[in-house]
Every structure is written in C-alpha cells, then in structure tokens.
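# Structural characterization, general
What follows is the residue order along each chain.
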Amino acid sequence: MIWEHVKGDIVSSPRGCIVFDDSVLDKNHSHDIDLVRRQYSGNAHGLIKGIGMVNCLYVNPDSGQYWIVDYRLFDPDGDGKTKLDHVHDMLITLVGAKTIAFDRVLVDSWYVTKELMLLIESLGKIYYCPLKDNRQLDDSGGERKYRRADALTWTPEELAQGKLVKIKDFPTNHKVKLFRVAVSTIRTDFV
C-alpha cells in the first residue's frame, strides 16, 4: 500500500540508493497485541517488548530526498520469515515490479550474509555495508589462514584505494573490496 502512495512523488536518480534497516516499535506497556514480542532494540541497547519492522527507503543522492517505499512487519510466528527473508522479498519486488532506478544497496552489519550479498551482485547492484570486526577474511590470496577483520594490516595505498579480500564461506574466487572508514569509531566496510 505504501508504494501506491509514494510512487508518484519519488524523484529517481540512476545513482539512487536503497536502504534496508529494521526498527522496533516500543510496546513495553502493551499486553495483548499479537505482534508484540521481546526483541533487541538498538535504540534501547537491549531487549524490549515491541513490534519489529523491516524498512526499505529510497534515497536520491543528487537531491538529498528520501522516501519509504516498502516495509514488512516482523512476525516469524505468523509467516515464518526472518528479517533477511523480508529484505530479500523487498529487493526482488523493487527490481521486478517497482520501476525505480538505483545502483546501490545499503544495509547494516546484521544483513551482511553471503546469500544477500550474492543476490545484490546478481542484480547488477553495488552494496555498501559495515563489516563486523570478527568477520573472517583472507587478504593473502590463500597463503595464510583467515583472520578477523580487525586484525588486518593496511598499507597507505590500501587505506586510500581499498583492500581486496575473500570473505570466509563465500565462493572460492569471490573477492570484495574493503575500505577503512572513520565514522564515530574506526570500522571496516566493504563494497
């Protein structure tokens, strides 16, 4: 339904970005709402009673405008779907049924899975997502064992241009480019 309300307002760009994120609507004082369940809230930094939502936004980087284009309620007891399943479904719908121009998908570290990253690549899109420090990577071309992302060493050239690595459990010859970026803390992101 939300798509029907916003599709005429969207100003698209070939450089458009799709952003997937989840949120929890706090219902700590509710006792009889079917979708309320205990789940982790990043805002509360802990478990709360709430309704989970997976949100999909479209961002036009040229104009700075953004629109909510889809969302799904997180109800694994009712539909058997994970948050990752909802992101997958929304992405496929965006590409197949909603004619909206975008070339990048942005997700947080919760969604960094082999299946989702390979799906995004198969659709000809670029992804940008933070990588957790404990993610196992190989930057040696198979000469050394996998190491944690936070244990990688970076040359000045790699800091400027990125570092090509293999993520453990990804296909044998599949590499991604990591970038070391400063946000509020130093973290490792990849595209």
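Placed above this text is the structure.
My aim in this report is to walk through the structure given alongside it, one point at a time.

What counts and what doesn't
Residues numbered from 1 in each chain as written. Predicted model: local features only at pLDDT ≥ 70, side-chain atom pairs only at ≥ 80, totals over all residues. Heavy atoms only, no water. Helix = DSSP H or I, 4+ residues; strand = E, 2+ residues; numbered from the N terminus. Buried < 20%, exposed > 50% of the residue type's maximum accessible area, 1.4 Å probe, protein only. Contact = heavy atoms within 4.5 Å. Areas by Shrake-Rupley, 256 points an atom, 1.4 Å probe, with all protein chains shown as cover. Lys, Arg positive; Asp, Glu negative; His and termini not counted. Charge placed at Lys NZ, Arg CZ, Asp CG, Glu CD. Phe/Tyr/Trp six-rings, centres within 6.5 Å; stacked < 30°, edge-to-face > 60°. Lys NZ or Arg CZ within 6 Å of the ring centre and 35° of its normal. Salt bridge = Lys/Arg side-chain N within 4 Å of Asp/Glu carboxyl O. Pairing = 2+ DSSP bridges. Right-handed = clockwise from strand over helix to strand, strands pointing away. Arc of directions from axis to C-beta. Expected span 1.5 Å × (residues − 1). Polar contact = N/O pair within 3.5 Å; in protein donor to acceptor, adjacent residues only side chain to side chain. Axes fitted to C-alpha atoms, helices over the stretch in contact; angles between N-to-C directions. Parallel < 35°, antiparallel > 145°, perpendicular 65-115°, else oblique. Nonpolar A, V, L, I, M, F, W, Y, C, P; charged D, E, K, R; others polar.

## Here's the deal with the overall build of the protein
Scanning the protein for helices and strands turns up five helices and eleven strands. With respect to the principal axes defined by its C-alpha atoms, the protein has extents near 55 × 40 × 30 Å. Residue burial in the protein is summarised as follows: out of 191 residues, 37% are buried. A separation threshold of at least 6 residues defines the contact pool for the protein, and within that pool the share at least 24 residues apart is 51%. By element, 52% of the accessible surface of the protein is carried by carbon and sulfur atoms, the whole surface being about 11,100 Å². The averaged location of the 27 negative side-chain charges in the protein is 4 Å from the averaged location of its 26 positive side-chain charges.

## Focus on the packing of aromatic side chains
Summed over the entire model, instances satisfying the criterion amount to one aromatic pair. Positioned above the aromatic ring of Phe 74 is the side chain of Lys 83, whose terminal nitrogen or guanidinium carbon lies 5.1 Å from the ring centre.

## Quick word on the pattern of salt bridges
Overall, the coordinates contain eleven salt bridges when judged by the stated rule. Lys 163 is the salt-bridge partner of Asp 139, the closest N and O atoms lying 2.9 Å from each other. One end of the pair, Asp 139, is in the loop between strand 7 (136-138) and strand 8 (147-148); the other, Lys 163, is in strand 9 (residues 163-167), with 24 residues separating them in the sequence. Residue class for Lys 163 comes out buried when judged on its relative accessible area of 3%. Through salt bridges with shared partners, a single network forms among Asp 139, Arg 144, Arg 147, Glu 158 and Lys 163.

## Thoughts on the pairing of strand 6 (residues 126-131)
As paired strands, strand 5 (residues 104-107) and strand 6 are joined by three bridges and run parallel to one another. Of the residues in strand 6, the one forming a bridge with Val 105 is Tyr 127. Considered for its hand, the β-α-β crossover made up of strand 5, helix 4 (residues 114-122) and strand 6 is right-handed.

## Brief notes about the pairing of strand 4 (residues 65-74)
In terms of strand pairing, strand 3 (residues 46-60) meets strand 4 through nine bridges, oriented antiparallel. Looking across to strand 4, one finds that Leu 57 is bridged to Ile 68. Between strand 3 and strand 4, which pair antiparallel one after the other, the connecting turn spans four residues, and Gly 64 there sits at a positive phi close to 80°.

## Quick notes on helix 4
Every buried residue of helix 4 is listed here: Leu 116, Met 117, Leu 119 and Ile 120. Considered in projection along helix 4, the buried side chains sweep an arc of 160° and stay on one side of the axis. Relative to its buried face, helix 4 has exposed residues pointing more than 90 degrees away, namely Glu 115 and Ser 122. Positive backbone phi, approximately 75°, marks Gly 124, located one or two places after helix 4.

## Overview of helix 3 (residues 83-96)
With 14 residues, helix 3 should cover 20 Å at 1.5 Å per step; its first-to-last C-alpha distance of 20 Å lies within 8% of that length. The set of residues buried in helix 3 consists of Lys 83, His 86, Val 87, Met 90, Leu 91 and Leu 94. Viewed along the axis of helix 3, the buried residues span an arc of 130°, placing them on a single side of the element. Structurally, the start of helix 3 carries an N-cap: the backbone nitrogen of Leu 84 is 3.3 Å from a side-chain oxygen of Thr 82.

## Observations concerning unusual backbone geometry
You will see that Asp 169, though not glycine, has its phi angle at about 80°, which is positive. Tracing the backbone through its elements, the reader meets Asp 169 in the loop between strand 9 and strand 10 (176-182).

## Remarks on the packing of helix 3 against helix 4
The N-to-C vectors of helix 3 and helix 4 enclose an angle of 5°; their axes lie 11 Å apart at closest approach. Here helix 3 lies roughly parallel to helix 4, going by the angle between them. The residues of helix 4 that touch helix 3, namely those facing Leu 84, Val 87, His 88, Leu 91 and Ile 92, are Leu 116, Leu 119 and Ile 120. Class assignment for the residues of the contact of helix 3 with helix 4 results in seven nonpolar, one polar and no charged.

Geometric values such as these leave the question of function open.
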